[in-house]
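Understanding the architecture of this molecule
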Amino acid sequence: MSSRKSILITGAGGLVGPLLATRLLRDPRYSQYTIYLTDLAPPIVPSGPDIINPSRAIPIQGDITSPSFVSSLISATQKDGAKLAAVFIFHGIMSAGSEANFELSLKVNVDSVRLLLDEIRTSAPGTRVVYSSSQAVYGQPLPAVVTDDVMATPQSTYGAHKLMMETYINDLHRKGFIEGFVVRFPTISVRPGKPTAAASSFLSGIIREPLAGKECVVPIEDRSFKSYLSSPSTIAENLVRVLEMDSDKLPEHRRSVNFPGISVSVQELLDALEKYGGKEKLGLVREVRDEGLEKVLRSWPTDFDTSRAVGGLGLVVDEGVEGLVGEYVESLKRDE
């Protein structure tokens, strides 16, 4: 039997896919794994001196809503008898984009995910599947601190479609078709690159754009408004920990994990911007209320009980808002 193993990452033209791929390609524990990267846009192939054998990263561009493409994709990951060890599902239409286009969200966030999962259960049964969900699966009313026992009642199309796929993964795992894990991400901040179609996009833009000399529009006129955030590096570390996690750490029919984050106010982000960028950068932040986006934002939780995730499952959490912003500032220095 072949000892070769592969990992598939969807949404590899975005942020989290390349972030995880880079982390895996730098880790000697995965030096014998081939990492397949797929997206509708050209996948981002990690590079740099720390990458172990860069040829192990294989980009496959294509439409994951196409049954023929999905079939060929799973087939490629098992080429020459290789074992498909894990699939990370990161592709999707983001929150504001889903709210604006229900049909597109249904096609990408539901239909394509089911298509991929069904191909895995028939062609690569038992594969570990790590599905990226979101705090958007929750809706009001919510307690000040959300525990694992709080019922998910989404108030957005994005959250509803994510929860639908969570339930499907729970059942596939219970039936033994896949080894499923659902990871509910906090808002990732500070995201590099351009603004996204997420309602939470400003939570990175409020730092990223002013530091680049650009204006950021904040769609909520409430500086005490809090969001639940995690840095990119912490997300990547926790994904690797889930990859290595014993399956029985979670009940067979409740496979979701709320990734740990920190509760941060708009004012705290502005204070960090001033610390790292100077007071003049605050002039590039404009607060203009958007009632539609505010409704979505206020439906989300603002803080979580991380005791199970950190204490029970061994995940890690950022230390504070200055750490989030400081990590981004350091990344800018490395790119210079």
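Residue positions are counted from 1 within each chain, in the order its sequence is given. Local features in this predicted model are restricted to residues of pLDDT 70 or higher, and side-chain atom pairs are both shown and tallied only at a pLDDT of 80 or more, whereas totals for entire chains, interfaces and linings draw on every residue. No hydrogens and no water enter the side-chain calculation; it runs on all heavy atoms of the structure.

Okay, the UniProt feature "domain: NAD-dependent epimerase/dehydratase" (unreviewed entry) in the protein chain next. Under the UniProt annotation, "domain: NAD-dependent epimerase/dehydratase" (unreviewed entry) lies at residues 7-218. Counting secondary structure, residues 7-218 comes out at 36% helix and 20% strand; the distance between its end C-alpha atoms is 38 Å. UniProt positions are given in the numbering used here, feature names are shortened, and annotations may be inferred rather than shown by experiment. Numbering goes from the N terminus for both helices and strands, where a helix is a DSSP run of H or I of at least four residues and a strand is a run of E of at least two.

This part is about helix 2 (residues 67-77). Residue burial is assigned from relative accessible area. The probe radius is 1.4 Å, only protein chains are included, and a residue is buried under 20% of its type maximum, exposed over 50%, and partly exposed in between. Among the residues of helix 2, Phe69, Val70, Leu73, Ile74 and Thr77 are the ones counted as buried. Down the axis of helix 2, the sector holding all buried residues measures 130°, keeping them to one side. More than 90 degrees from the buried face of helix 2, the exposed residues found are Pro67 and Ser68. Two residues form a contact once any of their heavy atoms are found within 4.5 Å. The inward-facing, buried residues of helix 2 abut strand 1 (5-10), strand 2 (33-39), strand 3 (57-61), strand 4 (83-89) and helix 4 (102-123). Picture the helix axis, draw a direction to every C-beta atom, and the arc is the one those directions span.

As a further point, take the environment of Val240. Assignment of secondary structure puts Val240 in helix 7 (residues 232-243). Residue class for Val240 comes out buried when judged on its relative accessible area of 2%. For the pair formed by Val240 and Ser133, sequence separation is 107 residues and the distance between their alpha carbons is 16 Å. In this structure Val240 touches Leu20, Arg23, Leu24, Arg29 and Tyr30, once residues within four positions along its chain are discounted.

Attention now moves to the sheet that holds strand 11 (residues 262-265). By definition, two strands form a pair when at least two bridges between them are found by DSSP. Pairing within the open sheet is mixed, and its 3 strands lie in the order 7-9-11. Both edges of this open sheet fall to strand 7 (187-188) and strand 11, since each of them pairs with a single strand only. Of the pairings in the sheet, the one linking strand 9 (residues 226-230) to strand 11 comprises 4 bridges and is antiparallel in character. Pairing of Tyr228 across the sheet is with Ser263, part of strand 11. Whenever a helix is involved, its axis is fitted only over the stretch in contact; in every case the axis is a line through C-alpha atoms, and angles between N-to-C directions fall within 0 to 180 degrees. Seen against the sheet, helix 8 (residues 266-277) touches strand 9 and strand 11 and runs at an angle of roughly 80° to strand 11.

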